[in-house]
Amino acid sequence: MQPPTVKIPIYYLHQVAEKVADMGVDLHAWLARSQLQIAQLDDVTHTLSFSIFQQLVRDALSMTQEPALGLLIGRRLLLNNHGVLGYAAMSCSTLQQAIEVLERYSPLRTPLVSLQHQIDAQHLRVTVSENYPLGDIRTPMHEVTMLGVKNVVDYLAADAHPITTVMFAFPAPHYAALAEEIFQCEVVYDHPWTGFVL
(Lines give C-alpha, C1' and ligand atoms only; values in the text may rest on other atoms or scores of the structure.)
Protein backbone atom coordinates (compact mmCIF):
# COMPACT_ATOMS: atom_id res chain seq x y z
CA MET A 1 0.00 0.00 0.00
CA GLN A 2 1.45 3.37 -1.00
CA PRO A 3 1.16 6.41 1.25
CA PRO A 4 -0.79 8.66 -1.14
CA THR A 5 -0.45 11.91 0.80
CA VAL A 6 3.17 11.90 1.95
CA LYS A 7 5.35 14.54 0.28
CA ILE A 8 9.09 13.97 0.32
CA PRO A 9 11.41 16.99 0.23
CA ILE A 10 13.96 16.94 -2.55
CA TYR A 11 16.90 17.73 -0.20
CA TYR A 12 18.72 14.41 -0.41
CA LEU A 13 18.07 13.78 -4.09
CA HIS A 14 21.27 15.72 -4.87
CA GLN A 15 23.37 12.98 -3.25
CA VAL A 16 21.54 10.33 -5.25
CA ALA A 17 21.97 12.31 -8.47
CA GLU A 18 25.69 12.88 -7.83
CA LYS A 19 26.33 9.18 -7.20
CA VAL A 20 24.24 8.08 -10.17
CA ALA A 21 26.16 10.51 -12.42
CA ASP A 22 29.51 9.37 -10.97
CA MET A 23 28.59 5.84 -12.00
CA GLY A 24 28.09 6.89 -15.61
CA VAL A 25 24.30 7.14 -15.73
CA ASP A 26 22.75 9.92 -17.82
CA LEU A 27 21.00 12.17 -15.27
CA HIS A 28 18.54 13.47 -17.85
CA ALA A 29 17.46 9.93 -18.69
CA TRP A 30 17.22 8.90 -15.02
CA LEU A 31 15.09 11.91 -14.09
CA ALA A 32 12.99 11.77 -17.25
CA ARG A 33 11.68 8.35 -16.24
CA SER A 34 9.93 10.18 -13.37
CA GLN A 35 9.01 13.26 -15.43
CA LEU A 36 11.62 15.40 -13.64
CA GLN A 37 14.29 17.77 -14.93
CA ILE A 38 17.73 18.58 -13.56
CA ALA A 39 16.69 22.16 -12.72
CA GLN A 40 14.16 20.79 -10.23
CA LEU A 41 17.00 19.40 -8.10
CA ASP A 42 17.87 22.98 -7.16
CA ASP A 43 14.32 23.89 -6.12
CA VAL A 44 14.33 23.31 -2.36
CA THR A 45 10.57 23.84 -2.24
CA HIS A 46 9.93 20.95 -4.62
CA THR A 47 8.48 17.79 -3.10
CA LEU A 48 8.02 14.31 -4.47
CA SER A 49 5.19 11.85 -4.02
CA PHE A 50 6.17 8.51 -2.55
CA SER A 51 5.53 6.76 -5.87
CA ILE A 52 7.90 9.15 -7.73
CA PHE A 53 10.55 8.85 -5.02
CA GLN A 54 10.25 5.06 -5.04
CA GLN A 55 10.57 5.03 -8.83
CA LEU A 56 13.67 7.23 -8.70
CA VAL A 57 15.33 4.83 -6.25
CA ARG A 58 14.31 1.79 -8.30
CA ASP A 59 15.63 3.39 -11.48
CA ALA A 60 18.88 4.41 -9.80
CA LEU A 61 19.42 0.81 -8.66
CA SER A 62 18.53 -0.55 -12.09
CA MET A 63 20.50 1.94 -14.17
CA THR A 64 23.66 1.73 -12.05
CA GLN A 65 23.40 -2.04 -11.63
CA GLU A 66 24.68 -1.44 -8.08
CA PRO A 67 22.70 -3.21 -5.33
CA ALA A 68 24.83 -1.50 -2.66
CA LEU A 69 23.80 1.96 -3.89
CA GLY A 70 22.23 2.81 -0.53
CA LEU A 71 25.61 2.35 1.15
CA LEU A 72 27.44 4.36 -1.48
CA ILE A 73 25.00 7.26 -1.17
CA GLY A 74 24.89 7.07 2.64
CA ARG A 75 28.68 7.30 2.77
CA ARG A 76 28.31 10.77 1.18
CA LEU A 77 25.85 12.04 3.79
CA LEU A 78 28.05 14.17 6.00
CA LEU A 79 26.94 16.64 8.65
CA ASN A 80 26.66 19.57 6.23
CA ASN A 81 24.32 17.58 3.94
CA HIS A 82 21.60 17.75 6.60
CA GLY A 83 21.19 21.52 6.32
CA VAL A 84 19.93 23.33 9.40
CA LEU A 85 19.37 19.96 11.09
CA GLY A 86 23.08 19.19 10.81
CA TYR A 87 24.05 22.55 12.25
CA ALA A 88 21.58 22.09 15.10
CA ALA A 89 23.12 18.70 15.90
CA MET A 90 26.61 20.21 15.69
CA SER A 91 25.70 22.82 18.31
CA CYS A 92 24.73 20.16 20.88
CA SER A 93 27.07 19.59 23.80
CA THR A 94 26.51 15.80 24.04
CA LEU A 95 25.85 12.94 21.65
CA GLN A 96 22.57 12.26 23.43
CA GLN A 97 21.40 15.82 22.77
CA ALA A 98 22.42 15.51 19.12
CA ILE A 99 20.49 12.24 18.78
CA GLU A 100 17.46 13.93 20.36
CA VAL A 101 17.68 16.77 17.81
CA LEU A 102 17.94 14.28 14.94
CA GLU A 103 15.04 12.30 16.35
CA ARG A 104 12.82 15.34 16.70
CA TYR A 105 13.55 17.11 13.43
CA SER A 106 14.62 14.46 10.90
CA PRO A 107 11.00 13.91 9.75
CA LEU A 108 11.18 17.42 8.30
CA ARG A 109 14.00 16.24 6.04
CA THR A 110 12.66 12.78 5.26
CA PRO A 111 9.18 11.77 6.43
CA LEU A 112 9.59 8.11 5.40
CA VAL A 113 11.57 7.03 8.46
CA SER A 114 11.87 8.08 12.08
CA LEU A 115 14.57 7.79 14.70
CA GLN A 116 13.85 6.80 18.29
CA HIS A 117 16.23 6.53 21.19
CA GLN A 118 16.08 4.73 24.51
CA ILE A 119 18.43 5.03 27.44
CA ASP A 120 19.20 2.39 30.02
CA ALA A 121 21.80 2.35 32.77
CA GLN A 122 24.72 1.89 30.39
CA HIS A 123 23.65 2.45 26.79
CA LEU A 124 21.89 4.75 24.38
CA ARG A 125 20.00 2.75 21.74
CA VAL A 126 18.96 4.41 18.49
CA THR A 127 16.48 2.68 16.20
CA VAL A 128 15.06 3.45 12.78
CA SER A 129 11.42 2.77 12.05
CA GLU A 130 9.43 3.14 8.87
CA ASN A 131 6.60 5.66 8.90
CA TYR A 132 5.22 4.07 5.73
CA PRO A 133 5.75 0.68 4.11
CA LEU A 134 8.87 1.15 1.98
CA GLY A 135 8.48 -2.00 -0.08
CA ASP A 136 11.36 -2.72 -2.42
CA ILE A 137 13.32 0.41 -1.44
CA ARG A 138 13.48 -0.61 2.23
CA THR A 139 17.07 -1.86 2.19
CA PRO A 140 18.66 1.21 0.54
CA MET A 141 16.57 3.56 2.70
CA HIS A 142 17.71 1.84 5.91
CA GLU A 143 21.32 1.84 4.70
CA VAL A 144 21.27 5.53 3.77
CA THR A 145 19.59 6.49 7.05
CA MET A 146 21.97 4.49 9.23
CA LEU A 147 25.07 5.83 7.47
CA GLY A 148 23.76 9.39 7.61
CA VAL A 149 23.21 9.13 11.36
CA LYS A 150 26.48 7.27 11.98
CA ASN A 151 28.42 9.92 10.06
CA VAL A 152 26.90 12.63 12.27
CA VAL A 153 27.73 10.68 15.43
CA ASP A 154 31.31 10.01 14.27
CA TYR A 155 31.81 13.69 13.43
CA LEU A 156 30.50 14.85 16.80
CA ALA A 157 32.63 12.24 18.56
CA ALA A 158 35.71 13.64 16.78
CA ASP A 159 35.98 10.47 14.67
CA ALA A 160 36.31 8.28 17.78
CA HIS A 161 33.77 5.88 16.17
CA PRO A 162 31.66 5.21 19.29
CA ILE A 163 29.29 2.95 17.33
CA THR A 164 30.79 -0.54 17.32
CA THR A 165 27.85 -2.45 15.83
CA VAL A 166 25.10 -1.53 13.39
CA MET A 167 22.05 -3.76 13.15
CA PHE A 168 19.65 -4.24 10.24
CA ALA A 169 16.24 -5.89 10.31
CA PHE A 170 16.68 -7.56 6.93
CA PRO A 171 18.75 -10.48 5.62
CA ALA A 172 22.42 -10.06 4.81
CA PRO A 173 22.98 -8.94 1.22
CA HIS A 174 25.77 -10.42 -0.87
CA TYR A 175 27.71 -7.16 -0.33
CA ALA A 176 27.74 -7.50 3.48
CA ALA A 177 31.56 -7.25 3.58
CA LEU A 178 31.35 -3.88 1.81
CA ALA A 179 28.85 -2.72 4.43
CA GLU A 180 31.33 -3.46 7.24
CA GLU A 181 34.07 -1.66 5.32
CA ILE A 182 31.93 1.44 4.83
CA PHE A 183 30.43 1.48 8.32
CA GLN A 184 33.86 0.74 9.83
CA CYS A 185 32.26 -1.52 12.41
CA GLU A 186 30.47 -4.84 12.75
CA VAL A 187 27.19 -5.06 10.82
CA VAL A 188 24.58 -7.57 11.99
CA TYR A 189 21.67 -8.67 9.82
CA ASP A 190 18.33 -10.35 10.57
CA HIS A 191 18.18 -8.35 13.79
CA PRO A 192 14.78 -7.55 15.34
CA TRP A 193 15.33 -3.84 14.66
CA THR A 194 17.50 -1.51 12.59
CA GLY A 195 19.75 0.76 14.63
CA PHE A 196 22.83 0.89 16.83
CA VAL A 197 23.87 1.16 20.47
CA LEU A 198 26.20 3.76 21.95
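It should be noted that the structure appears before, not after, this text.
Residues numbered from 1 in each chain as written. Predicted model: local features only at pLDDT ≥ 70, side-chain atom pairs only at ≥ 80, totals over all residues. Heavy atoms only, no water.

1. Things to note about helix H1 (residues 13-22)
Those residues of H1 not exposed but buried are Leu13, Gln15, Val16, Ala17, Lys19 and Val20. Those residues of H1 that are buried lie in contact with helix H2 (27-32), strand S2 (47-49), helix H3 (50-64) and helix H4 (69-74). Phi turns positive, to about 90°, at glycine 24, one or two residues after H1. (Buried < 20%, exposed > 50% of the residue type's maximum accessible area, 1.4 Å probe, protein only. Helix = DSSP H or I, 4+ residues; strand = E, 2+ residues; numbered from the N terminus. Contact = heavy atoms within 4.5 Å.)

2. A word on the pairing of strand S4 (residues 124-130)
Strand direction decides the pairing type here: strand S3 (residues 113-119) and S4, joined by 7 bridges, are antiparallel. Across the sheet, serine 114 pairs through a bridge with serine 129, a residue of S4. Hairpin connection from S3 to S4: 4 residues lie between these consecutive antiparallel strands. The pairing of S4 with strand S7 (residues 194-197) spans 4 bridges and is classified as antiparallel. Among the inter-strand pairings, threonine 127 is bridged to a residue of S7, identified as glycine 195. (Pairing = 2+ DSSP bridges.)

3. Brief notes about the nonpolar core
Among the nonpolar cores identified, the biggest contains 55 residues, and Trp30 and Phe183 are the most heavily contacted of them. Of the residues forming this core, the biggest block, 7 residues, is contributed by helix H7 (residues 138-156). Beyond its immediate chain neighbours, meaning those up to four positions away, phenylalanine 183 contacts Leu71, Glu143, Met146, Leu147, Lys150, Val166 and Phe168. (Core = buried A, V, L, I, M, F, W, Y, C linked by side-chain atoms within 4.5 Å.)

4. Considerations on unusual backbone geometry
A positive phi is found at glutamine 35, a non-glycine position, where the angle reads about 55°. Inspection of the secondary structure puts glutamine 35 in the loop between H2 and S2. One non-glycine residue, glutamine 184, lies in the positive phi region at around 60°. Checked against the element boundaries, glutamine 184 lands in the loop between helix H8 (176-183) and strand S6 (186-188). Among the residues examined, glutamine 184 registers a relative accessible area of 52% and is labelled exposed.

5. Considerations on the pattern of salt bridges
By the definition in use, this model includes 6 salt bridges. In this structure, the salt-bridge partner of arginine 76 is glutamate 18, at a minimum N-O distance of 3.4 Å. Residue arginine 76 is found in the loop between H4 and helix H5 (83-90), and its partner glutamate 18 is found in helix H1; the two are separated by 58 residues along the sequence. Note on glutamate 18: relative accessible area 41%, which makes it partly exposed. In this structure, the salt-bridge partner of arginine 58 is aspartate 136, at a minimum N-O distance of 2.7 Å. Taken as a pair, arginine 58 in helix H3 and aspartate 136 in the loop between S4 and H7 lie far apart in primary sequence, 78 residues in all. According to the relative accessible area criterion, arginine 58 is partly exposed, its value standing at 32%. We classify aspartate 136 as partly exposed; its relative accessible area is 47%. If you follow the salt bridges from partner to partner, you end up with Glu18, Asp22 and Arg76 in one network. (Salt bridge = Lys/Arg side-chain N within 4 Å of Asp/Glu carboxyl O.)

6. Observations regarding the environment of glutamine 96
Looking at the element boundaries, glutamine 96 is found in helix H6 (residues 95-109). Excluding residues that lie within four positions of it along the chain, glutamine 96 makes contacts with Ile119 and Leu124.

7. Description of the packing of aromatic side chains
Two aromatic rings, taken as a pair, are described by how far apart their centres are and by the angle between their planes. By the definition in use, this model includes 4 aromatic pairs. On the numbers, 5.8 Å between centres and 65° between planes, the contact of phenylalanine 168 with phenylalanine 183 is edge-to-face. Here phenylalanine 168, found in the loop between strand S5 (165-167) and H8, pairs with phenylalanine 183, found in helix H8; they are 15 residues apart in sequence, far enough to count as distant. As far as burial versus exposure is concerned, phenylalanine 168 and phenylalanine 183 are alike and both buried. Residues phenylalanine 168 and tyrosine 189 carry aromatic rings whose centres are separated by 5.7 Å and whose planes lie at 20° to one another, so their mutual orientation is stacked. In this pair, phenylalanine 168 is assigned in the loop between S5 and H8 and tyrosine 189 in the loop between S6 and S7, connecting sequence segments 21 residues apart. Assigned by exposure class, phenylalanine 168 and tyrosine 189 land together as buried. Taking NZ or CZ as reference, arginine 125 lies 4.5 Å from the ring centre of tryptophan 193, over its face. (Phe/Tyr/Trp six-rings, centres within 6.5 Å; stacked < 30°, edge-to-face > 60°. Lys NZ or Arg CZ within 6 Å of the ring centre and 35° of its normal.)

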